[in-house]
Amino acid sequence: MNSFEVIGGKKLSGTIIPQGAKNEALQIISAVLLSPEPVTLGNIPDILDVNLLIELLADLGVSIDRQERHTATFRADNVNIDYLNSDAFRKKSGRLRGSVMLAGPLLARFKKAFIPKPGGDKIGRRRLDTHIIGFEKLGATFNYHPEDGYFHLDASNLRGTDMLLDEPSVTGTANIVMAAVMAKGKTTIYNAACEPYLQQLCKMLNRMGAKISGVGSNLLTIEGVDYLGGTTHSMLPDMIEVGSFIGLAAMTKSGIRIQGAGVEHLGVIPEKFKQLGIRLDIQGDDIVIPEQDIYEIQTFLDGSVLTIYDHPWPGFTPDLLSIVLVVATQARGSVLIHQKMFESRLFFVDKLIDMGAQIILCDPHRAAVIGLAREQQLRGITMSSPDIRAGVSLLIAALSAEGKSTIQNIEQIDRGYQYIDKRLIALGADIKRI
Ligand SMILES: CC(=O)N[C@H]1[C@@H](OP(=O)(O)OP(=O)(O)OC[C@H]2O[C@@H](n3ccc(=O)[nH]c3=O)[C@H](O)[C@@H]2O)O[C@H](CO)[C@@H](O)[C@@H]1O
Ligand SMILES: C=C(OP(=O)(O)O)C(=O)O
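Below is a short write-up of the structure. (Residues numbered from 1 in each chain as written. Chains lettered and ligands numbered in written order. Predicted model: local features only at pLDDT ≥ 70, side-chain atom pairs only at ≥ 80, totals over all residues.)

**What to know about the overall build of the protein**
Heads up, the rule is: The way it works is that DSSP assigns letters per residue, a run of H or I at least four long becomes a helix, a run of E at least two long becomes a strand, and they are numbered from the N terminus. Here the globule rule is a power law, 2.2 Å times the number of residues to the power 0.38, and the radius of gyration is based on C-alpha atoms. Three exposure classes are used, based on other C-beta atoms lying within 10 Å of a residue's own C-beta, which is placed from the backbone: buried for 20 or more, exposed for 12 or fewer, and partly exposed in between. The contact rule is simple: place each C-beta atom from the backbone, and if two of them lie within 7 Å, those residues are in contact.
Broken down by element type, the protein carries 14 helices and 23 strands. For a compact globule of 434 residues, the expected C-alpha radius of gyration is about 22 Å, and the protein comes in at 22 Å, within 12% of that figure. Residues counted as buried form 49% of the 434 residues belonging to the protein. Excluding contacts between residues fewer than 6 apart, the proportion of contacts in the protein whose partners are at least 24 apart in sequence is 72%.

Here it is in structure tokens:
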């Protein structure tokens, strides 16, 4: 297991370019299974989860020409569906969350799918009900095998229908959309997730010949078609990376330019960092964060303590709450962080408390942060990264801290942040991969 050794307290400066979006790439790469024709993808992030999904497609018989690390052409004209039943598929797909989205396209094109217990972050219960019930409404039948957590799905006859999702699950909506594009007749999906990555997926599917309307809203209407062709597609900048870099700049008192931040797709993200008192300058598609000694957390209009909480898009993404939390530890003022969606994502605050942060973990979902207003620095310690976003939050804390920190289990960070050590070293950070 690799670790990062970080010497904190250095100011960073320069320009950083966000990678292609991890969670978009996982949807888009799954969708290549919907056509036997070539699909060329650009701005692919070179990260563990995405590379694993690409390997899974290769194992399934998809031919892949990876012209360079960020561009590849996929051709799913000779898919070996029997591979789904192998131990190798079970093991590999169980290592990432995104593999669950192979099911929708496989059902649409090959009439069957297996969903092994998906991997991804251990951040609380992550049920698949929305996916499975959606498939069932389209006419699929399923068997759940409790001994290995496997769902076996059959769909000889997918038919369009109206459905109201139990919750706007992101991967669930993507999966159902991909199953419905080639179902017979019309499907409507109400309470659909509508975040930018899902919009990107729908736009790509429409370019392939699908008929999806309502893109960007929570009511999608899909007219089933018989065939999807090839296309080209490029991933948006990763909005979670953009938020992470804003937090990093503020915590380390650094002036950083985030080039090509995809500003029009960031929703409320810049606003939430502004609520922490962080100054951001939007210059075209770049975000410039100036050096700031002190940032002061706003209160609500009536003077009461600010709460920042997650909510399905266009609300604030849960994936940035850990970052917001760590950044608040050095702000002036207090904030309540309320992680509504996941029940095990805040436990990493123990490590921040060990570093000297003032945080009260009220319950698994809520943490009150009393900012130190830079009156004392965090202290470097040895810690382990529990999940991808907590991992980056700990990295940000370590970069701002006094002395040396060691962050273990950095595979969690590598799952979603491309060449993160090299890119931060280029800004002046002192990070060693050991
Ligand atoms: C590979 C990928 O794309 N992963 C993302 C995807 O995961 P994923 O698609 O797995 O997450 P879901 O949208 O299904 O839901 C996340 C969790 O929130 C709960 N929930 C969801 C909606 C809701 O209205 N109320 C509610 O409580 C769900 O029960 C679940 O526990 O979306 C999550 C929510 O943005 C992100 O954290 C993950 O990074
Ligand atoms: C929770 C996340 O990822 P995954 O859904 O892949 O576990 C994330 O990207 O923050």
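**Looking at the environment of Val79**
Within the secondary structure, Val79 sits in the loop between β5 (71-75) and α3 (87-93). The spacing of Val79 and Ala58 is 21 residues in sequence and 9.2 Å in space, taken between C-alpha atoms. For Val79, the residues in contact, after removing those within four places along its chain, are Leu33, Leu60, Gly61, Val62 and Phe110.

**Some thoughts on the site of ligand 1**
Here is the rule: The criterion for a residue being near a molecule or strand is simple: its C-beta atom, placed using the backbone, must lie within 6 Å of it. Here the nonpolar group is Ala, Val, Leu, Ile, Met, Phe, Trp, Tyr, Cys and Pro; Asp, Glu, Lys and Arg are the charged ones; every other residue, Gly included, is treated as polar. Just so you know, the domain bounds were taken from an automatic or database domain assignment.
Near ligand 1 there are 19 residues, and of these Asn23, Ser169, Val170, Thr171 and Met341 occur at the shortest range. Listing elements by their share of the shell around ligand 1, those giving two or more residues are α1 (22-31) and α6 (170-180). In terms of residues, the shell around ligand 1 owes the most to one element, α6, which gives three residues. Of the residues contributing to the shell around ligand 1, the split by class is seven nonpolar, six polar and six charged. Composition of the shell around ligand 1 by domain shows at least three residues from each of domain 1 (3-19 + 237-433) and domain 2 (22-234).

**Here's the deal with the packing of helix α8 (residues 239-251) against helix α10 (residues 321-328)**
Describing two packed helices takes the angle between their axes plus the distance from one axis to the other. For clarity, the cut-off: Lines fitted to the C-alpha atoms define the axes, with helices restricted to the stretch that makes contact. Angles between their N-to-C directions range from 0 to 180 degrees. Note on angle classes: values under 35 degrees are labelled roughly parallel, values over 145 roughly antiparallel, values of 65 to 115 roughly perpendicular, and the remainder oblique.
α10 packs onto α8 with a crossing angle of 10° between their chain directions and a minimal axis gap of 9 Å. The pairing of α8 with α10 is recorded here as roughly parallel in orientation. Packed against α8, whose contacting residues are Gly243, Ser244, Gly247, Ala250 and Met251, the element α10 presents Ile323, Val324, Val326 and Val327 at the interface. Residue composition of the contact of α8 with α10, grouped by class: six nonpolar, three polar and no charged.

**Considering the pairing of strand β3 (residues 39-42)**
Within a regular strand, the side chains alternate between the two sheet faces. Selection rule: When DSSP locates at least two bridges between a pair of strands, those strands are taken to pair.
With burial as the criterion, only one face of β3 is covered, namely that bearing Val39 and Leu41; the residues Thr40 and Gly42 on the opposite face remain uncovered. In this structure, β3 lies alongside strand β13 (residues 231-234), joined through four bridges in parallel fashion. By the bridge assignment, Gly42 is partnered in β13 with Ser234.

Scope: geometric values only; no functional claims are made or implied.
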